[in-house]
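Given next are the chains, with one letter for each unit.
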Amino acid sequence: MLKVSLLENISPEQTAVAYSKASRASRLQAPGAPATGGQVRGIEDIAKNLTPAQAAEFLKKWVVEERHISIAEHIPVSLFIEDVPLIVATWLEHFPGVAALARATRHVKVLRAYYVPPPHAHIAQKPDIFNTYKVTAESLLDSYERTLPILMQHMAPTRAYEVARLLLPLGTLTNVAITTNAAVLLKVLAEGVVHPLRALRDSCEEMRKVAAQIAPTLFGEYPSPQPSPARGEGVISSPRLSLDGRGMPDSGRAGEGVSVLGSSPSTDERHSFFTFELFPDFPTLRDLLHLKKGVLTLTPYTTAYDVVLPKEVHDLGLVDEFSATLHKAGFAEERIASFHAHAAQHLIPMAFRQRVLLTLSKQDMIDIQAHMEEENESEEFLAMWRILYAAASQ
């Protein structure tokens with residue numbers, strides 16, 4: 001007889017272990033009924049007779065030691081992370097299996113309180129490097145504050161925020177809520193704690209401490225699983241180009257910079273794949289993350305690629321403002337990168353294009369196209385998507 005059960009008044013670890021034990025039972029009896037014909041206790045009885053200590057012992061043996069990570073999938077984890085650099089929030093968002101919601105820079109004004117602090121303490125030991133970092137961060141925020149009111153006078157608020165945020169550095173502080181399960185979070189933390197970005201390592205350690213309140217056996221005294229192959233930072237080499245050859249600003253279309261690296265055709269849309277090399281600006285990159293389709297591979301953030309300024313910047317005579325600020329940030333990033341490459345990434349403005357690889361099935365693309373809500377997407381993302389979709393349709 002069909003029956004749906006809800007386990008209550010037990011810990012997340014006990015719940016996961018109860019499900020695991022039930023999955024190994026050939027037959028379950030009704031609650032309270034005597035065991036007959038090889039039947040075992042029902043799920044409620046399994047949970048009722050499972051102590052926290054027994055659940056911890058089970059998880060230590062089968063998840064921590066024997067690596068049966070799937071058991072941890074039944075432990076839900078939701079965390080809210082405050083004052084985290086945007087560059088870190090984006091890495092968390094791009095991780096498969098993580099549902100994330102960060103402060104929307106296209107709907108909310110970024111306040112001066114979201115100052116970009118130096119991400120590595122030893123930068124302070126180099127006064128000239130520290131001063132370059134501080135002055136550049138303040139310059140970006142100053143330019144953002146000067147241009148936003150002008151933009152607000154000539155366009156809808158959302159569009160004004162979209163254009164002005166191109167001046168914000170990747171180290172701008174934000175908030176992000178993430179929801180996942182313990183199995184995925186173990187993988188996130190395992191990769192994050194060995195990531196080159198200090199801010200990400202620090203964030204993952206704080207996340208581990210809080211997650212230990214939910215599943216102390218998995219996130220407390222026992223080590224996280226070993227990381228799988230590196231994701232994001234360092235996955236694909238990215239050339240550092242001289243600023244003199246950057247040729248910025250570029251007034252071309254924001255959707256340019258799309259190429260098809262490979263395809264695997266099939267008569268079944270689900271098994272027909274396309275791999276694209278894309279060069280979106282940072283906000284458009286985040287829009288790609290929100291698709292939650294296919295596989296998106298990030299490359300090290302850099303100022304090596306060009307900048308495409310929106311048409312509104314040209315129309316309102318703000319090119320000099322944007323160009324001067326972005327040039328200054330680009331030179332500062334190169335200077336700091338010679339001392340500490342990963343700290344320098346926090347100063348990269350959102351306007352700079354970044355290289356990403358995106359693999360989608362034809363069915364993914366059909367689904368995205370069918371549900372595209374253009375009124376909720378930035379103009380830059382829509383321009384890139386149209387070119388991407390056209391390239392795959394050829």
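Residues numbered from 1 in each chain as written. Predicted model: local features only at pLDDT ≥ 70, side-chain atom pairs only at ≥ 80, totals over all residues. Heavy atoms only, no water.

J.: Explain the overall build of the protein chain to me, please; I cannot follow it from the model alone.
T.: The secondary structure content of the protein chain amounts to 15 helices and seven strands. Burial analysis of the protein chain (394 residues in total) assigns 49% to the buried set. Total accessible area on the protein chain is roughly 18600 Å²; 53% of this is exposed by carbon and sulfur atoms. (Helix = DSSP H or I, 4+ residues; strand = E, 2+ residues; numbered from the N terminus. Buried < 20%, exposed > 50% of the residue type's maximum accessible area, 1.4 Å probe, protein only. Areas by Shrake-Rupley, 256 points an atom, 1.4 Å probe, with all protein chains shown as cover.)

J.: Would you explain the pairing of strand E6 (residues 295-298) in this entry?
T.: Side-chain positions along a regular strand alternate between the two faces of the sheet. Side chains Leu296 and Leu298 of E6 all project onto a buried face; the interleaved residues Val295 and Thr297 project onto a face where none is buried. In this structure, E6 lies alongside strand E7 (residues 356-361), joined through four bridges in antiparallel fashion. Bridging from a neighbouring strand, Val295 pairs with Thr359 of E7. (Pairing = 2+ DSSP bridges.)

J.: Explain the pattern of salt bridges to me, please; I cannot follow it from the model alone.
T.: For the structure shown, the criterion picks out 16 salt bridges. Put simply, Lys3 and Glu44 hold a salt bridge, and the shortest N to O gap is 2.6 Å. Note that Lys3 is positioned in the segment before helix H1 (12-23) and Glu44 in helix H2 (residues 43-48), a separation of 41 residues in sequence. Classification of Lys3 by relative accessible area gives partly exposed; the value is 48%. Across the pair Glu138 and Lys134 runs a salt bridge, and its minimum N-O distance is 2.7 Å. Of this pair, Glu138 and Lys134 both sit in helix H5 (residues 127-152), four residues apart, which is roughly one turn of the helix. A residue is classified by how much of its surface remains accessible, and Glu138, at 28% relative accessible area, is partly exposed. According to the relative accessible area criterion, Lys134 is partly exposed, its value standing at 32%. Each of the salt bridges in this network shares a partner with another, and the network as a whole consists of Arg159, Glu162, Glu312, Glu379 and Glu380. (Salt bridge = Lys/Arg side-chain N within 4 Å of Asp/Glu carboxyl O.)

J.: Explain the nonpolar core here, please?
T.: General note: in soluble globular proteins, nonpolar side chains tend to be found buried as a group. Counting 99 residues, the largest nonpolar core has Leu185, Leu218, Phe219 and Leu288 as the members making the most contacts within it. When neighbours within four sequence positions are excluded, Phe219 is seen to be in contact with Ala182, Leu185, Leu186, Leu189, Arg208, Ala211 and Ala212. Val116, Tyr133, Ala137 and Ala337 belong to the second-largest nonpolar core, a separate cluster that totals ten residues. (Core = buried A, V, L, I, M, F, W, Y, C linked by side-chain atoms within 4.5 Å. Contact = heavy atoms within 4.5 Å.)

J.: Where do I start with the sheet that holds strand E1 (residues 76-85) in this structure?
T.: Sheets are built from strands that pair by backbone hydrogen bonding, the pairs being arranged parallel or antiparallel. The strand order E1-E3-E2 describes an open sheet built from three strands, whose pairing is antiparallel. The open sheet terminates on both sides in strands that have one partner only, identified here as E1 and strand E2 (99-102). Within this sheet the neighbouring strands show an average axis-to-axis angle of 15°, counted without direction. Bridge analysis of E1 against strand E3 (residues 173-181) gives eight bridges, and the strand direction is antiparallel. Looking at E3, one finds that Val77 is bridged to Thr180. Lying on the sheet, helix H4 (residues 86-94) is in contact with E1, E2 and E3; it crosses E1 at an angle near 155°. Helix-sheet contacts for helix H8 (residues 198-211) involve E1 and E3, and the interaxial angle to E1 is about 140°. (Axes fitted to C-alpha atoms, helices over the stretch in contact; angles between N-to-C directions.)

J.: Got a minute to help me understand the packing of H4 against H8 in this structure?
T.: A packed helix pair is summarised by two numbers, namely the angle formed by the two axes and the spacing between the axes. Between H4 and H8, the least distance of the axes is 9 Å, while the angle of their chain directions is 65°. The handedness of the crossing between H4 and H8 comes out as right-handed. Side by side, H4 and H8 meet where Val88, Trp91 and Leu92 of the first sit next to Ala199, Leu200, Ser203 and Met207 of the second. (Left-handed = near helix turned anticlockwise from the far one by under 90°.)

J.: How do you make sense of the environment of Gln354 when you look at a structure like this?
T.: With respect to the helices and strands, Gln354 occurs in the loop between helix H13 (341-344) and E7. Here the alpha-carbon distance between Gln354 and Leu285, two residues 69 residues apart in the chain, equals 7.8 Å. For Gln354, the contacting residues outside a window of four places in its chain are Leu278, Phe279, Pro280, Leu285, Pro300, Tyr301, Thr302, Tyr305 and Ile348. Within the structure, the side chain of Gln354 is placed 3.4 Å from the backbone oxygen of Phe352, a separation counted as a polar contact. (Polar contact = N/O pair within 3.5 Å; in protein donor to acceptor, adjacent residues only side chain to side chain.)

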